[in-house]
Amino acid sequence: MDDINTIYYNDFGIAFQWKRSAGKDFRRIQLVFRDTGLFVTQKELIHFSYNVQKTLDNPSVCDDCHTYEHCQKMHLVETPFGQITFAMTYTELERTLNLIEGTIFQLGLDKMLENESINFKDMP
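Computed from a predicted model, the values in this text were never measured in an experiment.

Rules used throughout
- Residues numbered from 1 in each chain as written.
- Predicted model: local features only at pLDDT ≥ 70, side-chain atom pairs only at ≥ 80, totals over all residues.
- Heavy atoms only, no water.
- Helix = DSSP H or I, 4+ residues; strand = E, 2+ residues; numbered from the N terminus.
- Buried < 20%, exposed > 50% of the residue type's maximum accessible area, 1.4 Å probe, protein only.
- Polar contact = N/O pair within 3.5 Å; in protein donor to acceptor, adjacent residues only side chain to side chain.
- Axes fitted to C-alpha atoms, helices over the stretch in contact; angles between N-to-C directions.
- Left-handed = near helix turned anticlockwise from the far one by under 90°.
- Contact = heavy atoms within 4.5 Å.
- Nonpolar A, V, L, I, M, F, W, Y, C, P; charged D, E, K, R; others polar.
- Phe/Tyr/Trp six-rings, centres within 6.5 Å; stacked < 30°, edge-to-face > 60°.
- Core = buried A, V, L, I, M, F, W, Y, C linked by side-chain atoms within 4.5 Å.

Glancing now at the side chain of Q30. By the secondary structure assignment, Q30 is in strand β3 (residues 29-33). Residue Q30 is classed as buried on the basis of its relative accessible area, which comes to 13%. Of the polar contacts made by the side chain of Q30, one reaches the side chain of W18; its length is 3.4 Å. Of note is the side chain of Q30, whose polar atom sits 3.5 Å from the backbone oxygen of L38.

Right under this line is the structure:
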């Protein structure tokens, strides 16, 4: 784990950025969940978040299921890459959205903290 900077993780996956090494774009985020890794820009991550949320907003449940949480029906969610679509259960979609939104939040927080500095000389 010495070659990555962890951004955010949950029980479903992890988001990180590679530390400096040959051939990597360090502004991209490596998102890993299930058996999948996506190497995305922040813009692609936001697009993916929108697609996951859209899929969660329009779920369908099997006839014998009464709640989304226990339904094992697979929902198709588009990725930022036109040729890749994931099939996920409702619970997996929720966990994926948490991973993505937590990553976006942490990136925004890091950027804000990077741009703000505390001037201790001005403090009483």
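Resuming the write-up.
Orientation of helix α1 (residues 42-57) relative to helix α2 (residues 90-115), taken along the N-to-C sense of each, is 145°, at an axis distance of 9 Å. Read as a crossing pair, α1 and α2 show a hand that is left-handed. Two secondary-structure elements touch here, α1 through Q42, L45, I46, F48, S49, V52, Q53, T55 and L56 and α2 through Y90, L93, E94, T96, L97, I100, E101, T103, I104 and L107. Each residue belonging to the contact of α1 with α2 can be placed in one class, and the counts come to 11 nonpolar, six polar and two charged.

A few words now on the packing of aromatic side chains. Counted by the stated rule, this structure contains five aromatic pairs. Seen in terms of ring centroids, F16 and W18 are 5.2 Å apart; in terms of plane orientation they differ by 80°. Their pairing is edge-to-face. Residue classification places W18 among the partly exposed positions, given a relative accessible area of 24%. Ring plane angle 55° and centroid distance 6.2 Å describe the contact between F48 and F86, whose orientation is recorded as tilted. Remark: F86 occurs in strand β6 (residues 85-88) and F48 occurs in helix α1; sequence separation between them is 38 residues. For the pair F48 and F86, a shared accessibility class is recorded, and that class is buried. One aromatic cluster is present, built from ring pairs that chain together F12, F33, F48 and F86.

On to the nonpolar core, then. The tendency in soluble globular proteins is for nonpolar side chains to be buried as a group. In this structure, L31, F33, F48 and V52 are the most contacted members of the largest nonpolar core, which totals 21 residues. Those elements that provide at least two residues to this core are β3, β4 (36-40), α1, β6 and α2. What L31 contacts, discounting residues up to four positions off in sequence, is I14, A15, T36, G37, L38, L45, F48, L99, I100 and T103.

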